[in-house]
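Inside the fold
Here are the chains, one letter per residue:
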Amino acid sequence: MGKPVVSLKDWLPTIIVWTTAALVTGIFLWILSDILWHGIGHLTWQFLTTEPENAGREGGIASILVSTFLIMAVCMAVSIPIGVGTAVLLAEFTPVDSWFGGLVRRSLDVLAGVPSIVFGLFGNVFFCQVLGLGFSILSGGLTLGCMVLPILIRSTEEGFRAVPNEYRLGAAALGFSRTTTLFQLLLPAAVPGLVVGLVLGIGRAIAETAALIFTSGYVDRMPESLLDSGRALSIHIFDLSMNVSGGDANAYASALVLLVSLLLINGTAAWIADRWLHRRIFSG
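The structure presented is a predicted model; accordingly, all values stated were derived computationally and were not measured.

Secondary structure assignment for the protein yields 12 helices and two strands. Secondary structure elements of the protein, listed N to C terminal, follow the sequence α-α-β-β-α-α-α-α-α-α-α-α-α-α. Looking at the protein as a whole, 40% of its 284 residues qualify as buried. For the protein, restricting intrachain contacts to residue pairs at least 6 apart in sequence, the fraction spanning at least 24 positions comes to 73%.

So, in structure tokens, the structure goes:
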């Protein structure tokens, strides 16, 4: 028997997929190589441990890194408990055909597509003015938490729904309470969905600019508390590249730090989740 003839129609989907993947990879590598080429020469230990001088043209980004870390810490501290709790409510305690669940999911989908500047304006009015927090790290972190929640909730909910129903039936047959089933069985199995939500949320939050301009502010000095104004790394890059003449070198170096930080955070989150998942399921 002769070999089956493969037509162009059969190969076309494969060609499109590989071409798209190569195009995306090529764009990423081009951006990465440009940042490395212009920024690696200015990335030193002194750059990471000294404060900005001369509007950011000189000095380093120590205070910028501290402000960014604090903003992200506030964001994650607020969004993770609320996000996981809401995902549990939607996935485990709300019927799929419930009008309440449908309304919440539709609202989350709409919020996930809202432009970041809208969140910034909301944060400025509600957190800065109504709650009286002013331009502060706390206002910026809470605003980013609002941005991250829709992505985190939907991803975690899908992680819970992906757990086979046999897990729940088996736990019920063994007499486990719903709390024990949730924390000892369902939550470890839903960790991949939680990690996806965290990675996507962190990726959106750590590189956010528009929302933080209206909430955390521009001040580049070292913050002393969460109520101090602080300049995030993304705002620092934007300011150096758009408003400060002669700041391109430090802008490229700051962009390289931001990119490396994002990769490290994503990798660490995935590693911790993998270790935790294996420990909870296979070792206990």
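All right, on to the packing of helix α3 (residues 62-92) against helix α6 (residues 137-161) then. Where α3 contacts α6, the two axes come as close as 6 Å, and the packing angle between them is 35°. The handedness of the crossing between α3 and α6 comes out as right-handed. Tallied by class, the residues present in the contact of α3 with α6 amount to 22 nonpolar, eight polar and three charged.

Turning to the packing of aromatic side chains, a few remarks are in order. Inspection of the entire model under this criterion finds four aromatic pairs. On the basis of an interplanar angle of 70° and a centroid distance of 5.1 Å, the ring pair of F126 and F127 is categorised as edge-to-face. Judged by relative accessible area, which is 35%, F126 ranks as partly exposed. An aromatic cluster of at least three residues, connected via ring pairs, comprises F122, F126 and F127.

As a further point, take helix α11 (residues 233-242). Among the 10 residues that make up α11, seven are buried, leaving the element largely enclosed by the rest of the structure. Listed as buried for α11 are L233, S234, I235, H236, I237, D239 and L240.

As a further point, take the environment of L32. Within the secondary structure, L32 is located in helix α1 (residues 8-39). Accessibility expressed as a relative area gives 22% for L32, which makes it partly exposed.

Residue placement: R105 occurs in helix α4 (residues 99-112). Side chain to side chain, R105 and E157 meet in a polar contact 2.6 Å long. Excluding anything up to four places from it in sequence, R105 contacts L90, T94, P95, V96, R154, E157 and R161.

Considering all chains together, one arrives at six salt bridges under this definition. Between E157 and R105 there is a salt bridge whose closest N-O contact spans 2.6 Å. With E157 in helix α6 and R105 in helix α4, this pair connects stretches of sequence that are 52 residues apart. Taking relative accessible area as the criterion, E157 reaches 0% and is therefore assigned buried. According to the relative accessible area criterion, R105 is buried, its value standing at 11%. Of the charged contacts in the structure, one is a salt bridge between R154 and E157, with a shortest N-O distance of 2.8 Å. Of the two residues, R154 and E157 are both situated in helix α6; the distance of three residues between them amounts to about one turn of the helix.

Analysis parameters
- Residues numbered from 1 in each chain as written.
- Predicted model: local features only at pLDDT ≥ 70, side-chain atom pairs only at ≥ 80, totals over all residues.
- Heavy atoms only, no water.
- Helix = DSSP H or I, 4+ residues; strand = E, 2+ residues; numbered from the N terminus.
- Buried < 20%, exposed > 50% of the residue type's maximum accessible area, 1.4 Å probe, protein only.
- Contact = heavy atoms within 4.5 Å.
- Axes fitted to C-alpha atoms, helices over the stretch in contact; angles between N-to-C directions.
- Left-handed = near helix turned anticlockwise from the far one by under 90°.
- Nonpolar A, V, L, I, M, F, W, Y, C, P; charged D, E, K, R; others polar.
- Phe/Tyr/Trp six-rings, centres within 6.5 Å; stacked < 30°, edge-to-face > 60°.
- Polar contact = N/O pair within 3.5 Å; in protein donor to acceptor, adjacent residues only side chain to side chain.
- Salt bridge = Lys/Arg side-chain N within 4 Å of Asp/Glu carboxyl O.

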